[in-house]
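# Observations on the three-dimensional arrangement
Take a look at the letters that make up each chain.
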Amino acid sequence: MRAYPRTWAEINLAAVAHNIACVRHKMGTAKVEIALVAKADAYGHGLVPISRFACQHGVDWVAVATVQEGIALRDAGIEKPIMVLSPILPIECDQAVFYNLDVLIENIVMARHLDAAANKIGTVARVHLEVDTGIHRFGCDPREAAKLAREIAGQKNIHLVGIAQHFADSSTDPAFTQNQMEDFRK
C-alpha cells in the first residue's frame, strides 16, 4: 500500500485575485495595506508562486513565519515588504537585516541584536513591536509596551515602524477579542 493516497490541492488563481480585489474594494478609499500570510509554504500551496501571484494582484506585504521563508522570497525576486511573524533567534539577525525583512520583536534584547546587525552593514533594521494581549505565545506585556517602544526607538540603527498583536480566538469568542482590542488600544 502506498504511504500517501492520491490527493492534491487545486488553487484557483482567479479566485485568489478576486479575493484580493474584494478586500481592496471593501477598504474603499482608506489608506490600508494588505498582507498575504504565506507562512508554512503558503499553507502547503507553494510559498514562492502564491506570493508572487498575490504581489502581482494587489497585496502590499507578504507575511512569513521564518527568516528562511523571507530569504526564499527575496531570492525569488519578491521586492514587496516581507514581515517575519514568528520570533527570530539572535543568530538570524544578520540575515534578517541583510535581506531587508521586517521583524516582530518583543524585547529590548532582540532590538539590540538587530541594531548591531544593521550597524555592521550600515543600514537601519525595520521592526514592529509585538504586544501580547492574550494569546500568550509571543509579545511584550501591554503595560510595558510604551516603555519598550521608547527603548527600541532609542536604538541608532532601528526604525520602529509598527505595533502588532494577535487575536487568540476571534472567530468564536467576541468578548475576549473585544478585551484584546481594548488592551491593544491602551
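Description of the structure in this document. Since this is a predicted model, take the numbers as computed values, not measurements.

The next thing to look at is the environment of Glu10. The residue Glu10 is located in the segment before helix 1 (13–27) in this model. Spatially, the C-alpha atoms of Glu10 and Ala65 are 23 Å apart, while their sequence positions differ by 55 residues.

Side chains of residues three or four places apart in an α-helix project in the same direction, reflecting 3.6 residues per turn. In this model, helix 6 (residues 108–121) (14 residues) spans 20 Å end to end at C-alpha, consistent with the 20 Å of a helix rising 1.5 Å per residue. Ile108, Met110, Ala111, Leu114, Asp115, Ala117 and Ala118 are the residues of helix 6 that are buried. At its buried positions, helix 6 is contacted by helix 5 (93–98), strand 4 (101–105), strand 5 (125–130), helix 7 (145–153) and strand 6 (158–164). At the N-terminal boundary of helix 6, the capping side chain belongs to Asn107, with an oxygen 3.2 Å from the backbone nitrogen of Val109. Backbone geometry just after helix 6 places Gly122 at a positive phi near 70 degrees.

We now examine the sheet that holds strand 2 (residues 61–64). Spatially, the six strands line up as an open sheet ordered 1-2-3-4-5-6, and their pairing is parallel. Each having just a single partner strand, strand 1 (35–37) and strand 6 make up the two edges of the open sheet. Sheet twist, expressed as the mean angle between neighbouring strand axes with direction ignored, is 30 degrees. As paired strands, strand 4 and strand 5 are joined by three bridges and run parallel to one another. Each residue of the ladder has a partner; that of Val103, found in strand 5, is Val127.

What counts, and where the lines are drawn
Residues numbered from 1 in each chain as written. Predicted model: local features only at pLDDT ≥ 70, side-chain atom pairs only at ≥ 80, totals over all residues. Heavy atoms only, no water. Helix = DSSP H or I, 4+ residues; strand = E, 2+ residues; numbered from the N terminus. Expected span 1.5 Å × (residues − 1). Buried < 20%, exposed > 50% of the residue type's maximum accessible area, 1.4 Å probe, protein only. Contact = heavy atoms within 4.5 Å. Polar contact = N/O pair within 3.5 Å; in protein donor to acceptor, adjacent residues only side chain to side chain. Pairing = 2+ DSSP bridges. Axes fitted to C-alpha atoms, helices over the stretch in contact; angles between N-to-C directions.

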